[in-house]
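In case you want the letters, here they are:
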Amino acid sequence: MTLTTETHAHLGVSHPLDPLSREEISRVVAVLKEGPAAAESFRFISVELREPAKEDLRNGVRVAREADAVLVDRAVGRSFEAVVDLEAGTVERWVQLAAGVQPPFMPDEFAECEEACRKDPEVIAALAKRGLTDLDLVCFEPWSVGYFGEDAQGRRLMRALVFVRDEADDSPYAHPIENFIVFYDLSAGKVVRLEDDQAIPVPPARGNYLPKYVGEARTDLKPINITQPEGASFTVTGNHVRWADWSFRVGFTPREGLVLHQLKFRDQGVDRPVINRASLSEMVVPYGDTAPVQAKKNAFDSGEYNIGNMANSLTLGCDCLGEIKYFDGNSVDSHGNPWTIENAICMHEEDDSILWKHFDFREGTAETRRSRKLVISFIATVANYEYAFYWHLFLDGSIEFLVKATGILSTAGQNPGENNPYGQNLNNDGLYAPIHQHMFNVRMDFELDGPNNAVYEVDMEYPEHNPTHTAFKAVDRLLETEQQAIRKTDSAKHRFWKIANRDKTNLVNEPVAYRLIPTNGIQLAAGDESYVSKRAQFARNNLWVTAYNRTERFAAGEYPNQATGADDGLHIWTQQNRNIVDQDLVIWYTFGMHHVVRLEDWPVMPRQNIGFMLEPHGFFNQNPTLNLPTGTTPTTTTNDDTCCHTTNQ
Ligand code: ABN
Ligand code: CU
């Protein structure tokens, strides 16, 4: 069937980029169950919008409303991809994936694994030998198995770490049952292996943060009320948002969570495209500890677990403050039931300190303008950790992507008195947390003032002739091919990257550009020979630039779960070494947190910010915010003009 980019009210859809509704998800499931996925052994992994080709959208071409689905057939241990035409109700494509391809886990599969482990006689007996008999207090936490040189022989495996609580609300992470790992096969529906090695006394000291354990909350902090008496400054039409000069569409997928589409900035009355599509493309958390259980911990929380499926329902006053617009996230459970994460995405405005100021000391007058940002966010819980993902849009055209990492450390146990050099002791009972990294990659399908862009690396250089020794300059180097554009940060050179449109020039005849400020630009610490590094090659470098190909979506490949890393991902696609000058480009930025654990991260970690900025760099002809009114923030004092336009008496 075909849809125009206009209204399709009969499907409850108003724009071709709107995520699938619950009804559409049900329809896709029904079509597949009536067709190739009729057998009871099929499980659904994802059902999501198959985004129309962007050229079709750009040209207003009539496009089909289609869905992509991923399934596994437990009976044969194989995975499948389907494309369903929603209006025709037909299966347009049904492909069996290569043996060994393992799509991400489903949240209901976590519960299935935990329940099966708890009931398994061998597990029960082995735990009893360790003196653990109350299985209700034992927590089996299903991690991915990764890849460590062994063929999984078609098995869809989970590797459960095991913890025990003292009572229902007690934090299990204070009490790891070390050297005890249960492997569960989701296809077979049973525990297939138990690794029960050297027993270590379970650390007894508690690590609780709930008020009932912590005691009375302090009472000295007075309320901070955020008031927007005239409401928020954004307008929302379906999934389309306008705020100040920005406009964009909000999307949601099970794999990525929040997606921003068609991000544009209105300049002199014209909506200038900046980024066509932006999202978290992958993340990985490799642990640096050599202890047998810990060395195999590396979670690709996006590609192995579908981080969008782990999005929280957000609550006013806790997760977001102010005048909030929420968007739901729709997904599917493994049995094909549509499932809605209510309030999965939060959007609101925040005051952001000053944007610019100048005090004219001769006249004794000051002009100040307040900054504010539009915050679009979601928060995912991936077992122990929380990751809160924020896109911040600023009035001056800047864009920030920020990950706020919080939650609970992934812990381990050693004999009391031991000091593992790869970890931080959290108490004197044997509890420690290994060193690790949180590595993220964001994919940005740039469209800066048009589809064809180019990328420059900008380094500080000293000229050869420098008689005063004071000279330094910024030197642009055009990155011409995909291989040339695999880059690392270099703080000694004050390196940044510039995404430019060489067909469009600014006031001084330079190509219009945005710059990527590579903050948190760390690289993977695990050695190149390690399995995790081969699978997470995106994290060996900070910048990758590819010529657009709609099938190249995720930095570690489409299916990183149990994958070797040998055939998919940025490191494979860039071997084509395509031309990236004045082409339709995708910019991939890797950044992260090198997490040397500290005592203050326990028992729950104060938020750590990890992210980067995109800033206009000759995109505008001057500061685009001169037209801001004085006193733009309603929380300032009563008389706006005396606030931000002041005369010293
Ligand atoms: N943080 C790794 C993880 C994610 C989901 C479920 C278990 C473990
Ligand atoms: Cu950490």
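Here the structure is a predicted model, which means the values were calculated and not measured. (Residues numbered from 1 in each chain as written. Chains lettered and ligands numbered in written order. Predicted model: local features only at pLDDT ≥ 70, side-chain atom pairs only at ≥ 80, totals over all residues. Heavy atoms only, no water.)

**Quick word on helix α4 (residues 121-129)**
Helical periodicity: at 3.6 residues per turn, an α-helix aligns residues three or four positions apart in one direction.
Here is step 1: The set of residues buried in α4 consists of Val 123, Ala 126 and Leu 127. For α4, the angular spread of buried residues about the axis comes to 100 degrees, placing them on one side. Of the exposed residues in α4, those oriented more than 90 degrees away from the buried face are Pro 121 and Lys 129.
Here is step 2: In the core, the buried residues of α4 are packed alongside α3 (107-119), β5 (138-144), β7 (180-185) and β8 (190-196).
Here is step 3: Where α4 begins, the side chain of Asp 120 points an oxygen toward the backbone nitrogen of Glu 122, at a separation of 3.1 Å.
Here is step 4: Note on α4: the residue one or two positions beyond its end, Gly 131, has a positive phi of about 85 degrees. (Buried < 20%, exposed > 50% of the residue type's maximum accessible area, 1.4 Å probe, protein only. Helix = DSSP H or I, 4+ residues; strand = E, 2+ residues; numbered from the N terminus. Arc of directions from axis to C-beta. Contact = heavy atoms within 4.5 Å. Polar contact = N/O pair within 3.5 Å; in protein donor to acceptor, adjacent residues only side chain to side chain.)

**Quick word on the nonpolar core**
What tends to happen in soluble globular proteins is that the nonpolar side chains get buried as a cluster.
Here is step 1: Phe 140, Val 182, Phe 248, Tyr 387, Phe 389, Ile 399 and Met 444 are the most contacted members of the largest nonpolar core, which has 112 residues in total.
Here is step 2: The element contributing the most residues to this core is strand β6 (residues 157-164), with 7 residues.
Here is step 3: Not counting residues up to four positions away in its chain, the partners in contact with Phe 389 are Leu 280, Met 283, Ile 307, Ile 376, Ser 377, Phe 378, Ala 380, Phe 401, Leu 402, Val 403 and Phe 440.
Here is step 4: Ranked by size, the runner-up nonpolar core spans 19 residues in total, among them Leu 20, Val 28, Ala 37 and Val 332. (Core = buried A, V, L, I, M, F, W, Y, C linked by side-chain atoms within 4.5 Å.)

**A few points about the side chain of Asn 541**
Here is step 1: Within the secondary structure, Asn 541 is located in the loop between α6 (531-535) and β28 (543-547).
Here is step 2: Side-chain polar atoms of Asn 541 contact the side chain of Lys 488, separated by 2.8 Å.
Here is step 3: Apart from the residues within four sequence positions on either side, Asn 541 is in contact with Ile 486, Arg 487, Lys 488, Gln 523 and Thr 590.

**Some thoughts on the domain arrangement of the protein**
Many authors give the size of an interface as the accessible area that is lost as the parts come together.
Here is step 1: Parsing the protein into structural domains produces domain 1 (5-96) and domain 2 (235-287 + 298-409 + 435-616).
Here is step 2: Where domain 1 abuts domain 2, roughly 2,400 Å² becomes buried across the two surfaces, and 46% of that area is made up of carbon and sulfur atoms.
Here is step 3: Counting the surface domain 1 buries against domain 2, the share from its top three residues, Arg 22, Glu 51 and Lys 54, is 26%.
Here is step 4: Viewed at the interface, domain 2 and domain 1 are joined by 6 salt bridges.
Here is step 5: Salt-bridge contacts for Lys 54 lead to Asp 445; the nearest nitrogen and oxygen are separated by 2.8 Å. (Domains from an automatic or database assignment. Buried area = accessible area lost by both parts, 1.4 Å probe. Salt bridge = Lys/Arg side-chain N within 4 Å of Asp/Glu carboxyl O.)

**Structural notes on a nonpolar patch on the surface**
Here is step 1: A surface patch of nonpolar side chains, about 260 Å² in accessible area, is lined by Tyr 209, Val 214 and Val 604.
Here is step 2: Structurally, Val 604 can be placed in the loop between β29 (583-595) and β30 (605-616). (Patch = residues over 30% accessible without salt bridge, like charges linked within 9 Å, V, L, I, M, F, W, Y side chains within 5 Å. Areas by Shrake-Rupley, 256 points an atom, 1.4 Å probe, with all protein chains shown as cover.)

**Description of the state of the cysteines**
Here is step 1: Under the counting rule described, the total for this entry stands at 1 disulfide.
Here is step 2: In this model Cys 320 forms its disulfide with Cys 346; the gap between the sulfur atoms is 2.3 Å. Of the two residues, Cys 320 sits in the loop between β14 (298-299) and β15 (325-332) while Cys 346 sits in strand β16 (residues 338-360), which places them 26 residues apart along the sequence. Assigned by exposure class, Cys 320 and Cys 346 land together as buried.
Here is step 3: Note on Cys 139: no disulfide assigned, nearest cysteine sulfur contributed by Cys 117 at a separation of 12 Å. (Disulfide = S-S within 2.5 Å.)

**Section: α3**
Here is step 1: In a regular helix each residue adds 1.5 Å, so 13 residues correspond to 18 Å; α3 covers 19 Å between its end C-alpha atoms and thus fits that length.
Here is step 2: Every buried residue of α3 is listed here: Glu 109, Phe 110, Cys 113 and Cys 117. Projected down its long axis, α3 carries its buried residues within an arc of 110 degrees, all on one side.
Here is step 3: Against the buried residues of α3 lie α4, β5, β6, β7 and β8. (Expected span 1.5 Å × (residues − 1).)

**With respect to the site of ligand 1**
Here is step 1: The immediate surroundings of ligand 1 are formed by Phe 110, Pro 142, Trp 143, Ala 299, Asp 301, Tyr 305, Met 310, Val 382, Ala 383 and Asn 384.
Here is step 2: The side chain of Asp 301 places a nitrogen or oxygen atom 3.3 Å from a nitrogen atom of ligand 1.
Here is step 3: In this structure, Val 382 approaches ligand 1 through a main-chain N or O atom, which is 3.1 Å from a nitrogen atom.
Here is step 4: Notes on ligand 1: free accessible area 260 Å², of which the protein chains cover 96%. (Near = heavy atom within 4 Å.)

**Quick look at the sheet that holds strand β20 (residues 412-413)**
Here is step 1: Taken in spatial order, the 3 strands of this open sheet run β20-β22-β21, and their pairing is antiparallel. Of all the strands in the sheet, just β20 and β21 (423-425) have a single pairing partner and so form its edges.
Here is step 2: As paired elements, β20 and strand β22 (residues 431-434) share 2 bridges and run antiparallel to each other. What sits directly across from Ala 412, in β22, is Tyr 432. (Pairing = 2+ DSSP bridges.)

**Here's the deal with the pattern of salt bridges**
Here is step 1: Per the counting criterion, the structure on display carries 47 salt bridges.
Here is step 2: Here Arg 578 makes a salt bridge to Glu 482, at a shortest N to O gap of 2.8 Å. Here Glu 482 lies in the loop between β25 (473-479) and β26 (496-505) and Arg 578 lies in the loop between α7 (570-573) and β29, a separation of 96 residues in the sequence.
Here is step 3: Residue Arg 578 is classed as buried on the basis of its relative accessible area of 16%.
Here is step 4: Here Arg 553 and Glu 558 are joined by a salt bridge, their closest N and O atoms 2.6 Å apart.
Here is step 5: Accessibility expressed as a relative area gives 16% for Glu 558, which makes it buried.

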